[in-house]
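Residue-level structure breakdown
The lines below spell out each chain.
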Amino acid sequence: VCLVTVCSSVPISDLLDRASQGSDKLHALSTIISEDLNSHFPPIGRVIMPRPSMCHTSSLQTPSDKQQTLQVSESDLLSLARSLLQAWSDPLLVLSASANTLHHPDQTSISNKVQELQLHSKSLGDGLDILSGKMGPAAQTISLLPFSGGNDIGQDRISQLINFNFLLSCFRRDSHKIDSFLKVLRCRATKTQPQMC
């Protein structure tokens, strides 16, 4: 999002604007990868794919809609966004490694986009770390959400596609939450009436 030495003098509203743009890119890219993957996703996969409640981040209590999100403090919203993003460092490695051997006609494109996801995620994480330092101790709190899925997403083509798609759908869901939280924070920082966000 920006260099540490430069960011110390940048206003929080500008940092939030950059972070919001970064989270928007992250979510848009995860959506594009999902669309690429779904172009050749087996119909049985939709039936047997795990439910979103099985995502490794589901235990984190997050607001379920805009009204609830608006009730959460700035520090807590940033803490939630950072917790979700950090929870994806290992699973993104698994997605990246798995994309290299994915049995899919768009495998190369998907693999390149997953690597791009990793870069955007790292950049956004660095920016959110800087923001949390400016917003105080409550914003620096991170809830640990360990990933226990392991490195193997399956042996056969169908299980690989299903497990890859499931993990990606979890990421997409969480990237949407991160994006929503950061947009609320950006709105609050730039509006003279934060209750209007």
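For the structure given in this document, a descriptive report is provided here. Bear in mind that the values here come from a model prediction, so they are computed numbers and not experimental data.

**Let's talk about the side chain of His 27**
Topologically, His 27 is positioned in helix H2 (residues 12–38). Within the structure, the side chain of His 27 is placed 3.3 Å from the backbone oxygen of Arg 172, a separation counted as a polar contact. Apart from residues lying up to four places away in sequence, His 27 is in contact with Arg 172, Ser 175 and His 176.

**Some remarks on the packing of H2 against helix H9 (residues 157–190)**
Where H2 contacts H9, the two axes come as close as 8 Å, and the packing angle between them is 155°. Considering the angle they form, H2 stands roughly antiparallel to H9. As H2 runs across H9, the sense of the crossing is left-handed. Of the residues contributing to the contact of H2 with H9, the split by class is 13 nonpolar, 12 polar and six charged.

**Focus on the nonpolar core**
If you look at soluble globular proteins, the nonpolar side chains tend to sit buried side by side. In this structure, Ile 110, Leu 117, Leu 124, Leu 128, Phe 164 and Leu 182 are the most contacted members of the largest nonpolar core, which totals 48 residues. Tallying contributions element by element places H9 first for this core, with 13 residues. Setting aside its immediate chain neighbours within four residues, Leu 128 contacts Ala 19, Leu 78, Ala 81, Arg 82, Leu 85 and Leu 182.

**A short note on the layout of surface pockets**
Empty space among the atoms can be located by rolling a probe the size of a water molecule over them. What the largest pocket holds in volume is close to 250 Å³. Lining the largest pocket we find 14 residues, and of these Leu 85, Ser 89, Ser 121, Lys 122 and Gly 125 sit closest to its centre. Breaking the lining of the largest pocket down by element, the ones donating at least two residues are helix H5 (74–86), helix H6 (89–99) and helix H7 (107–135). Roughly 210 Å³ of volume is contained in the second largest pocket. Lining the second largest pocket we find 13 residues, and of these Phe 147, Gly 149, Asn 163, Phe 166 and Leu 167 sit closest to its centre. Class assignment for the residues of the lining of the second largest pocket results in seven nonpolar, five polar and one charged.

**Focus: a nonpolar patch on the surface**
On the surface, Ile 44, Val 47 and Ile 48 cluster together into a nonpolar patch covering about 300 Å² of accessible area. Among the structural elements, Ile 48 can be located in helix H3 (residues 43–48).

The rules behind these values
Residues numbered from 1 in each chain as written. Predicted model: local features only at pLDDT ≥ 70, side-chain atom pairs only at ≥ 80, totals over all residues. Heavy atoms only, no water. Helix = DSSP H or I, 4+ residues; strand = E, 2+ residues; numbered from the N terminus. Polar contact = N/O pair within 3.5 Å; in protein donor to acceptor, adjacent residues only side chain to side chain. Contact = heavy atoms within 4.5 Å. Axes fitted to C-alpha atoms, helices over the stretch in contact; angles between N-to-C directions. Parallel < 35°, antiparallel > 145°, perpendicular 65-115°, else oblique. Left-handed = near helix turned anticlockwise from the far one by under 90°. Nonpolar A, V, L, I, M, F, W, Y, C, P; charged D, E, K, R; others polar. Core = buried A, V, L, I, M, F, W, Y, C linked by side-chain atoms within 4.5 Å. Buried < 20%, exposed > 50% of the residue type's maximum accessible area, 1.4 Å probe, protein only. 1 Å grid on protein atoms, 1.4 Å probe; cavity = no way out; pocket = protein on both sides within 12 Å on 5 of 7 lines; lining within 4 Å. Points joined across faces, edges and corners; volume = space filled by probe spheres on them. Patch = residues over 30% accessible without salt bridge, like charges linked within 9 Å, V, L, I, M, F, W, Y side chains within 5 Å. Areas by Shrake-Rupley, 256 points an atom, 1.4 Å probe, with all protein chains shown as cover. Salt bridge = Lys/Arg side-chain N within 4 Å of Asp/Glu carboxyl O.

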